[in-house]
Amino acid sequence: MHKILLDDFLRATLKEDMGKGDLYSRIENNIAVESYIIVKEDGILSGRIYVERLCELLGIEVEFSLKDGEAFCKGTKIATFKGKMSAILGAERTILNLLQHSSGIATLTNKYVKALEGTQCVLLDTRKTRPLLRDFEKYSTRNGGAINHRFGLDDCLMLKDTHLSRILSLSKFIQEIREKIPFTTKIEVECENILQAKEALESRIDILMCDNMEATAIKEVVKMRDLIAPNVLLEASGNITLANLKEYAKSGIDAISSGAIIHQATWIDMSMRID
């Protein structure tokens, strides 16, 4: 995230909690203290760069024992803080919210990534993010080992079923839209069956998404892709869980996208303590 946008985000999250000001700070309390965050379950760290910048803005010294993306065990002290007691207590909940939320996403994402080990398939996130938290949540999936899919409607043209319902000739539409979008922009088409997939593969697209298709059907799409459009990347999405993830990956697909790694993630239990 750009530094200016990062600072705006952090100030907004802090203001959300502090409102007009922490009532505790009405009693002058400039005593210097040391505190730390301890985790109460295993997981993957994420959120470090956000917390480091927040502490920098508040004049709090912080030192992490792990980098973003590294694993921790229950009982690990992941960060220590030094500063004025009023500053640390004022930022405590914001710091914990950032780390717990981000680490929760990274931890679940990493479980999906590990399930794909031994295959050529990669894990992608989606645009199913909480409003105004897209950069933060997609940063969290990266720390879990996923690769970001598009961030918005402006960095890849994806034609979903709602678009296709009004497109009479896909090949003609692709030909015309190529002249209107940037030269470097990729075009992805969502398909729900083999017939739709064949039409898309014959239309000079860049990525084909097999949406809510069975793994057996996807295997047929892979064979068809290899014959008529070997340069097209294949993505699978929809009803793919940890339980069946590897089955889909073994179909020959290039990538699997999952919204669950964000919206089904649970926060990692952490707490801040003062020495």
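For the structure itself, look to the data block above.
Residues numbered from 1 in each chain as written. Predicted model: local features only at pLDDT ≥ 70, side-chain atom pairs only at ≥ 80, totals over all residues. Heavy atoms only, no water.

(A) Structural context of the sheet that holds strand S1 (residues 32-39). Reading across from one edge, S3-S5-S1-S12 is the order of the four strands in this open sheet, with antiparallel pairing throughout. Unpaired on one side and paired on the other, strand S3 (61-64) and strand S12 (270-274) mark the two borders of the sheet. Taking each pair of neighbouring strands and ignoring which way they run, the sheet shows an average axis angle of 20 degrees. Bridge analysis of S1 against S12 gives five bridges, and the strand direction is antiparallel. Looking at S12, one finds that Ile37 is bridged to Met272. (Pairing = 2+ DSSP bridges. Helix = DSSP H or I, 4+ residues; strand = E, 2+ residues; numbered from the N terminus. Axes fitted to C-alpha atoms, helices over the stretch in contact; angles between N-to-C directions.)

(B) Inspection of the environment of Leu66 at higher detail. Structurally, Leu66 is set in the loop between S3 and strand S4 (71-72). A relative accessible area of 14% places Leu66 in the buried class. A C-alpha to C-alpha distance of 18 Å links Leu66 and Trp267, two positions 201 residues apart in sequence. Setting aside residues up to four positions removed in sequence, Leu66 forms contacts with Leu45, Arg48, Ala71, Phe72 and Ile78. (Buried < 20%, exposed > 50% of the residue type's maximum accessible area, 1.4 Å probe, protein only. Contact = heavy atoms within 4.5 Å.)

(C) Just the packing of helix H2 (residues 48-58) against helix H3 (residues 85-115), in detail. Direction vectors running N to C along H2 and H3 enclose 165 degrees, while the axes themselves pass 10 Å from each other. In terms of orientation, H2 and H3 fall into the roughly antiparallel class. In this structure, H2 crosses over H3, and the sense of that crossing is right-handed. Residues Arg48, Tyr50, Val51, Leu54, Cys55 and Leu58 of H2 pack against Ala87, Ala91, Thr94, Ile95, Leu98 and Leu99 of H3. (Parallel < 35°, antiparallel > 145°, perpendicular 65-115°, else oblique. Left-handed = near helix turned anticlockwise from the far one by under 90°.)

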